[in-house]
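This is what each chain is made of:
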Amino acid sequence: MGNEYSTEEFYKETYEEFDFDILTTGLTSKVPITVPDIHRPAFALTGFMENYLYQRIQIIGETELLYLRSLSPKQQKEAIQRLFTKPLPCIIITKGLEVPNDLISLAEEHAVPVIRTPLSTTPFIHSLTGHLETVFAPRATTHGSLVDVYGVGLLFMGKSGIGKSEIALDLVERGHRLVADDVVEITRHGDVLIGRGQEHLRHFMEIRGLGIINVMDVFGIRAGRIQKRIEVVVQLEVWDPKRDWDRLGLDEHYMEILGVNVRQLIIPVYPGKNITVISEAIALNHMLKVYGIDAAKRLDKQLVDMMESDKKTRRYLKYDTE
Amino acid sequence: MECLFNTFSQMVTGTVKVLNENGIHLRLAGELVKAASRFESRITIASDEQQVDAKSILGVAGLGAEFGVELLIQATGNDENEALAFLKQLFENKFAIKDD
């Protein structure tokens, strides 16, 4: 989904959860919902129009309605008219409250849908924000295979035909779990990337020479999962003896996905090489790093320490001509 | 939808229309992938909603491209022009196989 979310779509996805009823005749709005935030227009009703965040969904709760009810009919209409000086995506009334007729008729006039939920304002705003944040989460689709290996999400990437699916199949056979093969949908939640397969392709794989299989049918329920955090990108590349491959693992490489840096390892592939075992080692090593244990750095430290102490011994013995 | 491999610096592009009445079902997706795989270039194919690798069967099938839908093909590589021309022809000839 892009960053345009129509009020119709919003209603269709949420009316069951929020038990909405529509107070206007239609749901068509001149402007779509474009941001995951909400706004309570109490100040706009009173006439303070600065910082009126009209692009957001407007929530009218008990306070706003009590204020409106305290006004004379003329003042009330003027207050409501202020809301409609800008194009609004929609207005939501909470707690199942009754609304002034002028609000509905002016909303009709300006083509702003008004819907109502029986939920109380604060819990409703919490659930609504949760829903909108999922909808507006940054997302991308990529070509690769995502496998949960010992609880670490490994995203295999590389040119088509390099063997991503075969590695994924091999890992599933060894007890790991497939999330998505070929097409991975990624969403960003904070600094966490969540990958999942497309719903209608879920757990299908294409294995060259064999064709299409479904890993859940072949290996059972343990072989798949619906979504997984992406923690390491395993980039598969054709072995090239002239290329500088990382032999140490002292420096970490990162790949940027949706603005989040993910650890990336470039693994050379050639016939007879067992990528599956390497993948398991990658996952386990990643967990060790999460726990603060880094083999390459430790070896480096041991070497430096050893040389340091050798130097001391040599210095001691240098002029020792006994 | 944003896409990770949307970043070719040089490429050729063209639009095609699905003329097969049943849309791009699995068999046609297979034909398309077979055709795309004959070329060295990186080729992607995109609907309004998503962009996929033209050499991936599940990717192409996952587009769920119905009859009449327009798709955007992008190719980059040594044989990008040949690849684009070939794929365009494939769509125009309704994949040259009888729609079942």
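This text gives an overview of the structure that appears in the document.

Conventions and cut-offs
- For every chain, the first residue of the written sequence is number 1, and numbering continues from 1 along that sequence.
- A letter from A marks each chain and a number from 1 marks each ligand, given out in the order of writing.
- Where totals are concerned, whole chains, interfaces and linings use all residues; where local detail is concerned, this predicted model gives features only for residues with pLDDT of at least 70, and gives and counts side-chain atom pairs only at 80 or more.
- The side-chain values count all of the structure's non-hydrogen atoms but skip hydrogen atoms and water molecules.
- Per the convention used, a helix needs a DSSP run of H or I reaching at least four residues, while a strand needs a run of E reaching at least two, with both numbered from the N terminus.
- Our radius of gyration is a C-alpha quantity, and the globule rule it is checked against amounts to 2.2 Å times the number of residues to the power 0.38.
- Throughout this description, buried means an accessible area under 20% of the type-specific maximum (1.4 Å probe, protein chains only), exposed means over 50%, and partly exposed covers the range between.
- Methods summary: accessible areas were calculated by the Shrake-Rupley approach with a probe of 1.4 Å, and residue burial reflects only the protein chains presented.
- Charge convention: Lys and Arg are scored as positive, Asp and Glu as negative, and His as well as the terminal groups of each chain are ignored.
- In plain terms, the charge of a residue is placed at NZ if it is Lys, CZ if Arg, CG if Asp and CD if Glu.
- Whether two residues are in contact is decided by their heavy atoms: any pair within 4.5 Å suffices.
- Each of two parts loses accessible area, computed with a 1.4 Å probe, when they are put together; buried area is these two losses added.
- The term salt bridge refers to a side-chain nitrogen of Lys or Arg lying within 4 Å of a carboxyl oxygen of Asp or Glu.
- Side-chain classes follow a simple rule in which Ala, Val, Leu, Ile, Met, Phe, Trp, Tyr, Cys and Pro form the nonpolar group, Asp, Glu, Lys and Arg form the charged group, and the remainder, Gly included, forms the polar group.
- What goes into a patch is any residue over 30% in relative accessible area without a salt bridge, connected to like charges within 9 Å or, for nonpolar side chains (Val, Leu, Ile, Met, Phe, Trp, Tyr), within 5 Å.
- The rule is short: rings of Phe, Tyr and Trp, with Trp giving its six-membered ring, pair when the centres are within 6.5 Å, and they are stacked under 30 degrees, edge-to-face over 60, tilted in between.
- As used in this structure description, the phrase polar contact means that two N or O atoms lie within 3.5 Å; if the pair is within protein, one of them must be able to donate a hydrogen and the other to accept it, and residues adjacent in sequence are counted only when both atoms belong to side chains.

Counting its regular elements, chain A contains ten helices and 17 strands. On C-alpha atoms alone, chain A measures out to a radius of gyration of 29 Å, which is more than a quarter above the 20 Å that the 2.2 N^0.38 rule sets for 322 residues. Projected onto the principal axes, the alpha-carbon positions of chain A cover approximately 110 × 65 × 35 Å. Out of the 322 residues belonging to chain A, those deemed buried represent 43%. In the form shown here, chain A has an accessible surface area of approximately 17500 Å², with 53% of it arising from carbon and sulfur atoms. Between the averaged position of the 38 positive side-chain charges in chain A and that of its 45 negative side-chain charges there is a distance of 5 Å.

Broken down by element type, chain B carries three helices and five strands. Helices and strands in chain B line up, N terminus first, as β-β-α-β-β-α-β-α. When burial is assessed residue by residue, chain B has 52% of its 100 residues classed as buried. Here the analysis covers contacts within chain B between residues at least 6 apart in sequence; of these, 75% occur between residues at least 24 apart. Roughly 5200 Å² of accessible area belongs to chain B as shown, and the carbon and sulfur atoms make up 45% of that amount.

Before going further, it helps to spend a moment on the interface of chain B and chain A. Listed as interface residues are 14 residues of chain B and, on the opposing side, 21 residues of chain A. Between chain B and chain A, a total of about 1600 Å² is buried, with carbon and sulfur atoms accounting for 64% of that surface. One can count zero salt bridges joining chain B with chain A. Residue assignment for the side of chain B that touches chain A shows that the elements contributing at least two residues are β1 (2-3) and α2 (57-62) of chain B. Counting residues per element, the side of chain B that touches chain A draws most heavily on α2(B), which supplies four residues. Among the residues forming the side of chain B that touches chain A, the class breakdown is seven nonpolar, four polar and three charged.

A few words now on the pattern of salt bridges. All names here are of chain B. In this structure the tally under the stated criterion is 18 salt bridges over all chains. For Arg42, the salt bridge is made with Asp53, and the minimal N-O distance between the two is 3.8 Å. You can see Arg42 sitting in strand β3 (residues 42-46) and its partner Asp53 sitting in strand β4 (residues 51-53), a full eleven residues away along the chain. Residue classification places Arg42 among the partly exposed residues on the basis of a relative accessible area of 34%. Overall, the relative accessible area of 6% leaves Asp53 in the buried class.

Positive charge collects at one region of the surface, where A:Lys311, A:Lys312, A:Arg314 and A:Arg315 lie side by side. Here A:Lys311 lies in helix α10 (residues 295-318).

Residue and element names in this part refer to chain A. Tallied over the entire structure, the rule returns 14 aromatic pairs over all chains. Relative to Tyr15, the ring of Tyr11 has its centre 5.2 Å away and its plane inclined at 15 degrees; by these criteria the two rings are stacked. Of the two residues, Tyr11 and Tyr15 are both situated in helix α1 (residues 7-18); the distance of four residues between them amounts to about one turn of the helix. Ring geometry for Tyr11 against Phe20: centres 6.3 Å apart, planes inclined by 25 degrees, an arrangement best described as stacked. The exposure class assigned to Tyr11 is buried, which follows from its relative accessible area of 16%. The class of Phe20 is buried, set by a relative accessible area of 6%. What links up through ring pairs into an aromatic cluster is the set Tyr5, Phe10, Tyr11, Tyr15, Phe18, Phe20, Phe124 and Phe136.

Our focus in this paragraph is the side chain of A:His286. Residue and element names in this part refer to chain A. Take His286: it is sitting in helix α9 (residues 275-290). You can call His286 buried: its relative accessible area is 11%. Within the structure, His286 has its side chain in polar contact with the side chain of Arg263 (distance 3.4 Å).

As far as function goes, none of this settles anything; it's purely spatial.
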